[in-house]
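Chains, contacts and geometry: an overview
Take a look at the letters that make up each chain.
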Amino acid sequence: MNKTLPIFLGGFALLLIVASQAFYIVDQRQQAIVLQLGQPQGEPRGPGLHIKIPMIQNVVYFDRRILSIDPPPDQMVISSSLVERIKFGAPKSAEEEAMDEAAKLAEPETAPETLEIS
């Protein structure tokens, strides 16, 4: 009896630790995504008590209030010609590109001459 009591208490303590890591609570104002080894598993979880696999699955919480708000479209910069000009120079017209290609084709090739043996 004396030897089984510590084993029973140790097993019960281990069970409590695993159970406390397996359950998680999602608040009403949040969503949760369960990641298994870094990859999303299933759909985002809504509010309530949920179960996960301890040490294999992690839970990431997101505030639902922030996710539902979109910024007005006038505040978003989709593209800017100024950035294009700074990085790549002024854009060329189709005629200028065609003339550059024609100039490249008109230049003699710089490949070494081959000798024909007859």
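Residues numbered from 1 in each chain as written. Predicted model: local features only at pLDDT ≥ 70, side-chain atom pairs only at ≥ 80, totals over all residues. Heavy atoms only, no water.

Our focus in this paragraph is the sheet that holds strand β5 (residues 57-63). Pairing in this open sheet of three strands is antiparallel, and the strands run β3-β2-β5 from one edge to the other. The sheet is open, and its two borders are formed by β3 (39-45) and β5, each paired with just one other strand. Strand-to-strand, the axes of this sheet are offset by a mean angle of 25 degrees, without reference to chain direction. (Pairing = 2+ DSSP bridges. Helix = DSSP H or I, 4+ residues; strand = E, 2+ residues; numbered from the N terminus. Axes fitted to C-alpha atoms, helices over the stretch in contact; angles between N-to-C directions.)

It is worth spelling out unusual backbone geometry at this point. Most of the time, phi is negative for any residue but glycine, and the peptide bond is trans. At L37, a position not held by glycine, the phi torsion is positive, near 55 degrees. Along the chain, L37 falls in the loop between β2 (30-36) and β3. Positive phi outside glycine occurs at M55, with the angle close to 65 degrees. On the secondary structure map, M55 appears in the loop between β4 (48-51) and β5. Exposure remark for M55: the relative accessible area of 84% places this residue in the exposed category. (Buried < 20%, exposed > 50% of the residue type's maximum accessible area, 1.4 Å probe, protein only.)

This brings us to the environment of H50. Here H50 is to be found in strand β4. As for H50 and V26, which are separated by 24 residues in sequence, their C-alpha atoms are 7.8 Å apart. Discounting chain neighbours no more than four positions away, the residues touching H50 are A22, F23, Y24, V26 and R45. A polar atom in the side chain of H50 sits 2.9 Å from the backbone oxygen of G46. (Contact = heavy atoms within 4.5 Å. Polar contact = N/O pair within 3.5 Å; in protein donor to acceptor, adjacent residues only side chain to side chain.)

So, about the pattern of salt bridges. For the structure shown, the criterion picks out one salt bridge. We note a salt bridge from D27 to R29, for which the minimum N-O separation is 2.7 Å. (Salt bridge = Lys/Arg side-chain N within 4 Å of Asp/Glu carboxyl O.)

Time to look at the pairing of strand β1 (residues 23-26). Taking every second residue as pointing to the same face, the buried face of β1 carries Y24 and V26, while none of F23 and I25 on the other face is buried. Bridge analysis of β1 against β4 gives four bridges, and the strand direction is antiparallel. Counterpart to V26 in the pairing with β4 is G48.

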